[in-house]
Amino acid sequence: VNRMDVICHVITKLELGGAQEVAMRVVSGLDRRRFRPVLIAGPGGLLTEEAHALEGVDVRLIPSLVREVHPLQDLRALFELVATFRRLRPKIVHTHSSKAGILGRLAAWLAGVPCILHTIHGYGVTPAQPLWLQHLVIKLEWMVGRVTTHWIAVSQADRRQGLEWELFSASKVSVVRPGIDPTPFAARIEQAERDRLRAALGVGPEQLLVGTVSCLKPQKSPEDFIRVAALVCQRMPAAKCVLVGDGTLRPQIEAMIQAQGLQDRVSLLGWRRDVASLLKAFDVFVLTSQWEGLPCAILEARASRIPIVATRVGGSAEAIIEGIQGTLCPAGDVKAMASRVCQILGDERLRADLRNGAHELPEEFTIQETIKQYHSLYTYLLHATRPAEDVMKLQPNRL
């Protein structure tokens, strides 16, 4: 069958984030002899330009697809998605993130798409929501689950949670990691180059650098990072801290830095595209998330061989071996995180061991492996959902 199957990936917004980067890497990595990739997203993401630059990927923006719940907009987005799918006639629609997941799968079903997949990058149900809303989101996920051919979880934790909520049965879900390309992170760096990088961040040779890379939004709890930073700076005169990333909570974070008098010790770097080099300047990597799927930032820090202190949420425990790459603390436990950070900063030998430790990032966390697994899954599902007459055509005549 020499017909290229159209595969549409749908995501709410191409902002800087793990789910977005994975979707983009997958569409650009698909085998073009088999698949024709289309990427569909709402407007206004920081990665939109980059997506348009992807070789051979058809990018479509749906203006009414927005993250906030907005019944009229959402209805319009649903109709626009249905119309798009009817035109493109994809064999597979593969959705990411909660909003695009619900509207995209519903639209695919209405448009008669034979195969509908959804990747859970952590659930849209969060501890920050009131209970009624949590129940509503689970109910919606369950309903849309009825038209979902197959689910993909980024962590065993999300798979277990979905089975518990009865969103899917065990045979309808696969765990595929959101991989990264470890090469730029694993590249070694000369001490002189590291010193230059640190000097550019205002960190002297005698100082120690604690950093995070995350969107400044409630999920990532950047306020906790500032609380950890305040305790660490108090105890360790040589410590400095940086936050790489931006987002809605920036004004609160700036106010907290002022209020704690940390202007000289904590800096906000905003979004940066040179994260692989920046990480090499860190002495400790901290992630204070309240909930997660499987954070790519942890994989990047791990590939960079930096000691990690993170919260035990989502798939974090699957990506870090406790005591080898770092340590996990309960979400919100600022004191525990600060004391772990101080312990690592105070132990030069431990930092050196971690940096020189030969722990390669396991293959399951690489983007090559992610693409390979998506490929086999697509091929299997396309075969399983082909109408009978197609399958008959594929078989030689048995006379």
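A brief report on the enclosed structure follows. (Residues numbered from 1 in each chain as written. Predicted model: local features only at pLDDT ≥ 70, side-chain atom pairs only at ≥ 80, totals over all residues. Heavy atoms only, no water.)

## Some thoughts on the overall build of the protein chain
- A count of helices and strands for the protein chain gives 17 helices and 13 strands.
- For a compact globule of 399 residues, the expected C-alpha radius of gyration is about 21 Å, and the protein chain comes in at 22 Å, within 12% of that figure.
- Counting across all 399 residues of the protein chain, residues that qualify as buried make up 53%.
- Looking at the protein chain alone, contacts between residues at least 24 apart form 69% of all its contacts between residues at least 6 apart.
- Surface summary for the protein chain: the accessible area is close to 18,200 Å², and the carbon and sulfur share equals 55%. (Helix = DSSP H or I, 4+ residues; strand = E, 2+ residues; numbered from the N terminus. Rg over C-alpha atoms; globule rule 2.2 N^0.38 Å. Buried < 20%, exposed > 50% of the residue type's maximum accessible area, 1.4 Å probe, protein only. Contact = heavy atoms within 4.5 Å. Areas by Shrake-Rupley, 256 points an atom, 1.4 Å probe, with all protein chains shown as cover.)

## Quick word on the pattern of salt bridges
- Across all of its chains, the model carries 26 salt bridges by this definition.
- With a shortest N-O distance of 3.1 Å, Arg 194 and Asp 283 are connected by a salt bridge. One end of the pair, Arg 194, is in helix H8 (residues 191–200); the other, Asp 283, is in the loop between helix H11 (275–281) and strand E11 (284–287), and 89 residues separate them in sequence.
- Taking relative accessible area as the criterion, Arg 194 reaches 7% and is therefore assigned buried.
- With relative accessibility at 3%, the residue Asp 283 sits in the buried group.
- We note a salt bridge from Arg 351 to Asp 283, for which the minimum N-O separation is 3.9 Å. Here Arg 351, found in helix H15 (residues 348–356), pairs with Asp 283, found in the loop between H11 and E11; they are 68 residues apart in sequence, far enough to count as distant. (Salt bridge = Lys/Arg side-chain N within 4 Å of Asp/Glu carboxyl O.)

## Examining the sheet that holds strand E5 (residues 115–120)
- With parallel pairing, the 7 strands of this open sheet are ordered in space as E3-E2-E1-E4-E5-E6-E7. In this open sheet, the two strands that pair with only one neighbour each are strand E3 (58–61) and strand E7 (173–175). Neighbour-to-neighbour, the strand axes of the sheet open up by a mean angle of 20°, direction not taken into account.
- Here strand E1 (residues 5–13) runs beside strand E2 (residues 35–42); their pairing, made up of 8 bridges, is parallel. Across the sheet, residue His 9 finds its bridge partner in E2, namely Leu 39.
- Along the sheet face, helix H6 (residues 156–164) touches E5, strand E6 (150–153) and E7 and points at about 160° away from the line of E7. (Pairing = 2+ DSSP bridges. Axes fitted to C-alpha atoms, helices over the stretch in contact; angles between N-to-C directions.)

## A short note on the packing of helix H1 (residues 18–29) against helix H16 (residues 367–385)
- Close contact between H1 and H16 brings their axes to 10 Å; oriented N to C, the two are set at 65°. Two packed elements cross with a definite hand, and for H1 against H16 that hand is right-handed. Residue-level inspection shows Val 22, Arg 25, Val 26 and Gly 29 of H1 in contact with H16, the latter providing Ile 367, Thr 370, Ile 371, Tyr 374, His 375 and Tyr 378.
- The residue makeup of the contact of H1 with H16, split by class, is 6 nonpolar, 3 polar and 1 charged. (Left-handed = near helix turned anticlockwise from the far one by under 90°. Nonpolar A, V, L, I, M, F, W, Y, C, P; charged D, E, K, R; others polar.)

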